[in-house]
Amino acid sequence: MKFGKKLGFLALLMSIVLILGACGKTGLGNSSGNSTKNVTKKSAKDLKLGVSISTTNNPYFVAMKDGIDKYASNKKISIKVADAQDDAARQADDVQNFISQNVDAILINPVDSKAIVTAIRSANNANIPVILMDRGSEGGKVLTTVASDNVAAGKMAADYAVKKLGKKAKAFELSGVPGASATVDRGKGFHSVAK
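What you are looking at is a predicted structure, and each value in this text was computed from that prediction instead of being measured.

What is the right way to read the overall build of the protein from this model?
Of the regular secondary structure elements, the protein holds 6 helices and 5 strands. Along the protein, helices (α) and strands (β) appear in the sequence α-β-α-β-α-β-α-β-β-α-α when read from the amino end. A total of 195 residues make up the protein; the buried ones form 37% of that total. Considering only residue pairs separated by 6 or more positions, the protein has 64% of its internal contacts joining residues 24 or more positions apart. For the protein, the accessible area works out to roughly 10700 Å², and carbon and sulfur atoms hold 54% of it.

This is the structure we're talking about:
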């Protein structure tokens, strides 16, 4: 992994730990918006986190998982990592397992931005904060989303193709996982230039 990517993962993880360390259980509230639990402040070493990765068959997400594992180990944060294997139903089950284990927060790299909504709402109802990584969600309350500007990335890819091949070049677009916000956003950015 390149130095810049390592630095990005460390920044992501430091942000997450600082947010959670400062908030403890944030008490996001139940469906009516009222919290039924008291806020408990915890230090990083007392946090128990659930991490749901969309797939570890993609080198990018392997690097994400490795960065999280390393940082958590250094800070003595207890984490449980689940690989959804690009299966939205499996990811929903993984998130439900984290909820039943009463983790302090759940970090999710969604397989599908629409399918993950029910799981996020279940975490919301259990007052467990959710942080999204690399991909967004079409609903539910999340504490924060840490992601690239995928629309800009799609534009950059199309601009590069135009620069190298010219405006009349024919291109084939290979998109990512259908339903993932990163796929949709990169496509929007690419199409805004390529059309």
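What follows picks up the thread again.
Whenever I open this one, the confidence of the model for the protein confuses me. Can you help?
Low-confidence regions, as indicated by low pLDDT, have predicted coordinates that should not be scrutinised in detail. For the protein, the average pLDDT comes to 83, and 80% of its residues sit at 70 or higher. Note on residues 1-7: pLDDT is under 50 here. Beyond four places in sequence and across chains, it has 3 contacts. Here residues 21-35 is modelled with pLDDT under 50, and outside its nearest four sequence neighbours on either side it reaches 40 contacts, counting other chains as well.

What exactly am I supposed to notice about the environment of methionine 64 here?
Within the fold, methionine 64 resides in helix α2 (residues 59-75). Through-space distance from the C-alpha of methionine 64 to that of asparagine 109 is 9.7 Å; in sequence the pair is 45 residues apart.

What should I look at first to understand the packing of helix α3 (residues 88-100) against helix α4 (residues 117-125) in this one?
The packing of two helices is summarised by the inter-axis angle and the distance between the axes. One can describe the packing of α3 onto α4 by two numbers: an axis separation of 9 Å at closest approach and a directional angle of 5°. Between α3 and α4, the angle is such that the two are roughly parallel. Residues Ala92, Val95, Gln96 and Ile99 of α3 touch α4, and the partners they reach there are Ala119, Ser122 and Ala123. Of the residues belonging to the contact of α3 with α4, the class tally is 5 nonpolar, 2 polar and no charged.

Explanation requested: the pairing of strand β3 (residues 105-108) in the structure shown.
Along any regular strand, the residues point their side chains to alternate faces of the sheet. The alternating pattern of β3 places Ala105 and Leu107 on one face and Ile106 and Ile108 on the opposite face, and all of these are buried. Where β3 meets strand β4 (residues 130-133), 3 bridges bridge the pair, whose relative direction is parallel. What sits directly across from leucine 107, in β4, is isoleucine 131. Traced from β3 through α4 to β4, the parallel crossover comes out right-handed.

Could you clarify how one ought to interpret the pattern of salt bridges in this entry?
A side chain of one charge can pair with a side chain of the opposite charge when the charged atoms of the two come close. This model, assessed by the stated rule, comprises 3 salt bridges. The residue lysine 45 makes a salt bridge to aspartate 46 at a minimum N-O spacing of 3.6 Å. Owing to a relative accessible area of 42%, aspartate 46 belongs among the partly exposed residues under this scheme.

Is there a simple way to explain the sheet that holds strand β5 (residues 144-146) in this structure?
Here 5 strands make up an open sheet; going across it, the order is β2-β1-β3-β4-β5 and the pairing parallel. The open sheet is flanked by β2 (78-83) and β5, the only strands paired with a single partner. Between one strand axis and the next, the sheet turns by 20° as a mean value, whatever way the strands run. Taken together, the 6 bridges between strand β1 (residues 48-53) and β2 define a ladder with parallel strand orientation. The residue bridging serine 52 from the neighbouring strand is alanine 82, located in β2.

Rules and cut-offs
Residues numbered from 1 in each chain as written. Predicted model: local features only at pLDDT ≥ 70, side-chain atom pairs only at ≥ 80, totals over all residues. Heavy atoms only, no water. Helix = DSSP H or I, 4+ residues; strand = E, 2+ residues; numbered from the N terminus. Buried < 20%, exposed > 50% of the residue type's maximum accessible area, 1.4 Å probe, protein only. Contact = heavy atoms within 4.5 Å. Areas by Shrake-Rupley, 256 points an atom, 1.4 Å probe, with all protein chains shown as cover. pLDDT = per-residue confidence, 0-100. Axes fitted to C-alpha atoms, helices over the stretch in contact; angles between N-to-C directions. Parallel < 35°, antiparallel > 145°, perpendicular 65-115°, else oblique. Nonpolar A, V, L, I, M, F, W, Y, C, P; charged D, E, K, R; others polar. Pairing = 2+ DSSP bridges. Right-handed = clockwise from strand over helix to strand, strands pointing away. Salt bridge = Lys/Arg side-chain N within 4 Å of Asp/Glu carboxyl O.

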